[in-house]
Structures are given as structure tokens and as C-alpha cells.
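As a plain string of letters, each chain reads:
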Amino acid sequence: ELALKSLGNEGLFLFSSLDTNNDLYLSPEEFKPIAEKLTGVAPISEFEEEETPDPSGETLSIVAKFQPLVMETMTKSKDGFLGISHVALSGLRNWTAPAAPMSVMLARQFKAFLPPKNKLDLGEPWWIIPSELNIFTGYLSNNRFYPPPPKGKEIIIHRLLSMFHPRPFVKTRFAPQGAVACIQAISTFYYTIAFRIHAEFQLNEPPDFPFWFSPGQFTGHIILSKDSSHVREFKLFVPNNRSLNVDMEWLYGASESSNMEVDIGYLPQMELESTGPSIPSVIHDENGNVIDSRDPSGEPIQFVFEEITWQQKIPWEEAAQKLEVAMYPFKKVSYLPFTQAFERAKAEKKLVHSILLWGALDDHKPLSASLPMPGSGRTLRETVLESSPILALLNESFISSWSLVKELEELQTNRENEFYSKLADLHLEKYNFPVEMIICLPNGTVVHHINANYFLDITSMKPEDVESSIFSFSTNFEDPSTATYLQFLKEGLQRAKPHMQT
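Since this is a predicted model, take the numbers as computed values, not measurements. (Residues numbered from 1 in each chain as written. Predicted model: local features only at pLDDT ≥ 70, side-chain atom pairs only at ≥ 80, totals over all residues. Heavy atoms only, no water.)

Draft legend 1. Unusual backbone geometry, seen in detail. Note the cis peptide between Pro 206 and Pro 207, where omega equals 10°. Along the chain, Pro 207 turns up in the loop between strand S7 (200-202) and strand S8 (211-215). Residue Phe 433 is joined to Pro 434 through a cis peptide bond whose omega torsion reads 0°. (Helix = DSSP H or I, 4+ residues; strand = E, 2+ residues; numbered from the N terminus.)

Structural data, given as C-alpha cells:
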């Protein structure tokens, strides 16, 4: 109360955004972002002091490519952003180019991507940055402007993402956080490492309120020598193959419980790529003498690199799938694209288990996860969809799929394929915000469906308090949500029997 009286609402909001340990005291480390902002001078951080470049080490040039968010893809744009102050979106509107279009880094800094000694098999995932959050730990504060100093293997990822924007948060507010990787190819001296990173950016600074910009994921690959002295190739990017790939949230008041606006949108391009292999920063002749990096005519010396012969490799799609399952155990069941799921169901004479969402199910924080309501893709994927009985039944009796409402709305209006249009139509008829679980026949007929809000409401009640006869609780499982979802699937199978036998 004394702090509120001294600082007022907005002053306390700024103070608490800096007071990371909530002790009502700002340590020098906590005050550092404001000091840097006021003085315009950023001190050399500890890790930069420790990083003494090897004079004979190699350097890698990386370029950033960025096309800003397409504002028209935000749902709030449909009403012309009515009621949304221009200030709230200023950080987003002003972000039109990468913070650093090009950067030169030491090859050895990419050592963080090398596998641990016990993860040398193709496609076996390991955590570069472990996720520290789950359904039980909740999520990190929205009321923050400045990222905590990166440590250890976070440093290189922070440096890379800082090329896009000066305030990347290497650890996201929601699970699953972190970065996961696996070996995609092995040669005598090199690895190709596939990776997936969940990170987000804070676009606003005081006195504005926080604006969080959360791409669905960063993915990519690196080809580097086993001793990390040489990087042959590096690429990191936000996938742009779906119609929506970014979640945005912004606060409207000076407290953690203030109203939060949420939206989704499409980012056409956000990628980093090496301009070529890493090259020595200092060149020696055969006698060990340092020589000029340019030939007598002034042209840079051209390096010739040996061709890499891969002894073992797996396709990119397989590596990406392994990383996805590491982040999301519910993906042990394959979730096919919408139309493909119905074709497979018809061929295998199975039902379609479909999840229809406003925001994505397998991006690091689907939009519905952040809404102040219980029905969310995040809750589903971290509870029932990961449970062993559900995984077993889905694999045995269903073809699974998840779709964005926006994608099905586009499919619904596509008159080139009437069957696909009808499938989308039947789905959208049953949809209620934010998430709908649907069981249907291969021809699209819906035999059972339930809204995630209602599902989570009834599973949070005691069994005797549930009036609805739609679901009955099983005593075989301690977790009522698993038991109820299992019942939902079984009832769908039962209702479909007469149709599947004809």
C-alpha cells in the first residue's frame, strides 16, 4: 500500500516489472535495463568478458530477413482496431525491419548446438534449453519489459534472436519453453543438427504497457564440425506455411490482473541465414606467418571447402517430427491436415478425431491458452491428450487432425472441391469458441462433439455434481479428465457403429 501511495498505479506497475524477485527493492542487476535506457550505454556483460576470441578461430556471417506482420490478418483489424489505442500497437507498427540486418559471430559460439555424449543417435532429441514450466507450475509474469540476462547455452540463442528485435525472451511465459535439438545427419567430422526454439519478444517499453509477440516456433538446422571449430551452414526461421503463425497479447492497465487483449496474425518472413561457411579470422601461410586476407589485386581470398559425405541421415520431416513430440508428447499420435485425415479415415475405415481451434494446438502457446477461461488447447494438450489411455485409443481407432477456424472458413468458401467445402461446413456448424472437440465419420457427419470449456467445467466437478447424462465417470482412472475424454471417444465409437457397418 505504501508503494502504491508513493508511486501511483503506473509507477508501481513499472517498478514491479523490474522487481523480478518481488522484494520491493531494486538491486543493481534489476535496475540495469533502466540505467542502460537512460545513459544509452550498455556495459559489457559477463559472458562477453569471458568470451575471449580465439585469434585463429573462425567467424560466421549471418543475415537477418524480416517482413513485418500483415496487420490485416489480425482479427481486430476487421473492426478497424476500434477501441484499441494507437499507443498499444505502436511497438508492433514500428517494427518494420530487423534490429541488426547482419552480424558476425564466432563459430565456436555455436558449440551450444552440439549433442551431449549420450545423445548421438539420429533423431534422438535433447534439450539445449530445458523447459521449466508445465501445467502445474503455471506461467511467468506478463508484467515485464526487459529480458533477464541469458546464461550458458541461452547466450547464443539470445544473440541470434536479438538480430530481429532488441528484447527477445529466450524463455517463454508459457510451456513448453526452451529449445530442443536432434542429429539429422552424421559424417566423419560433421553433424547436421535440427532444432526447434520457443521464444518471444517484448515490443513495448515504459511508459507504454507490455506487448508480447510470440511466433509459433523458430526452427532450422546447423551443419557444424564435431569440435565446433567450423560452421558450414546455419538457418533459423519462423514457419509461414499456416495462415496464422503469431500470437500477440497486450495489457491495458498497470497490474498483472489488468485486462489483456489477445490476437493472432500472419508473419510472412522472419529468418536468419549464414552467407556461407565460417572462415578464419586470421590467415596463416605454410610457415605460420599471418598473411593478408586479400590477394594482390585487392580481392578477398577465396576458400575452398571439402564436400561432406554423410554416412547416416534422416529426412528433415522426420527430424522435425521428433522435435515436435519432444515438445508435445500428445503428438505421439499423428495429427494430419484436415482433408488428408478424412481421406485416411475412409481408406482405413476409422473415425476422425478432430480438434477445431481459434489458435494453434502445437505452437508454443496457442492463443486460446492465454484467454481468461478454462477451455484451451494448452490445457488439453498438457493433460488428456498426453495421457497413455487416450494415446492408445486414438492410435487404435481414430485418425486425428487439428485445424484453425480461419483455415476451415477458407476451405468452406472453396467451390473447386465441394466435398472439402462440405466437410468444413459440417465442422464449423458445431464449433463454439475457443476449442471444439469433434468425432465424425469419414464422410464428415458429426456423431459427437464437446466444447473444451464445458469439458473442463464438468471434469473439475465432483462426479456426483454432474447432472448431465452425456458423460459418466469411470473409476478405472484417478484423473477425471482422462476418464471423461476416454468416455467421449468411446461414445463416439458407439454412435458411429450403425453408420460404419453399412
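Draft legend 2. View of the pairing of S8. Buried residues dominate S8, accounting for five of its five residues. Covered by surrounding structure in S8 are Phe 211, Phe 213 and Pro 215 together with Trp 212 and Ser 214, the residues of both alternating faces. Pairing analysis gives two bridges linking S7 to S8, with the strands arranged antiparallel. Looking at the pairing, Gln 202 lines up with Trp 212 of S8. In this structure, S8 lies alongside strand S11 (residues 246-251), joined through five bridges in antiparallel fashion. Residue pairing across strands places Phe 213 opposite Met 248, the latter belonging to S11. (Buried < 20%, exposed > 50% of the residue type's maximum accessible area, 1.4 Å probe, protein only. Pairing = 2+ DSSP bridges.)

Draft legend 3. View of the sheet that holds strand S19 (residues 351-357). Strand order in the open sheet made by the five strands is S18-S20-S19-S21-S22, with mixed pairing throughout. At either end of the open sheet lies a strand with only one pairing partner, and these are strand S18 (335-336) and strand S22 (446-451). Sheet topology places S19 next to strand S21 (residues 435-440); six bridges connect them, and they run antiparallel. Each residue of the ladder has a partner; that of Ser 354, found in S21, is Ile 438. Of the strands in this sheet, S18, S19, strand S20 (398-404) and S21 touch helix H7 (residues 338-348), which is tilted by about 165° from S20. Where helix H12 (residues 452-459) meets the sheet, it contacts S21 and S22, and its direction lies at approximately 65° from that of S22. (Contact = heavy atoms within 4.5 Å. Axes fitted to C-alpha atoms, helices over the stretch in contact; angles between N-to-C directions.)

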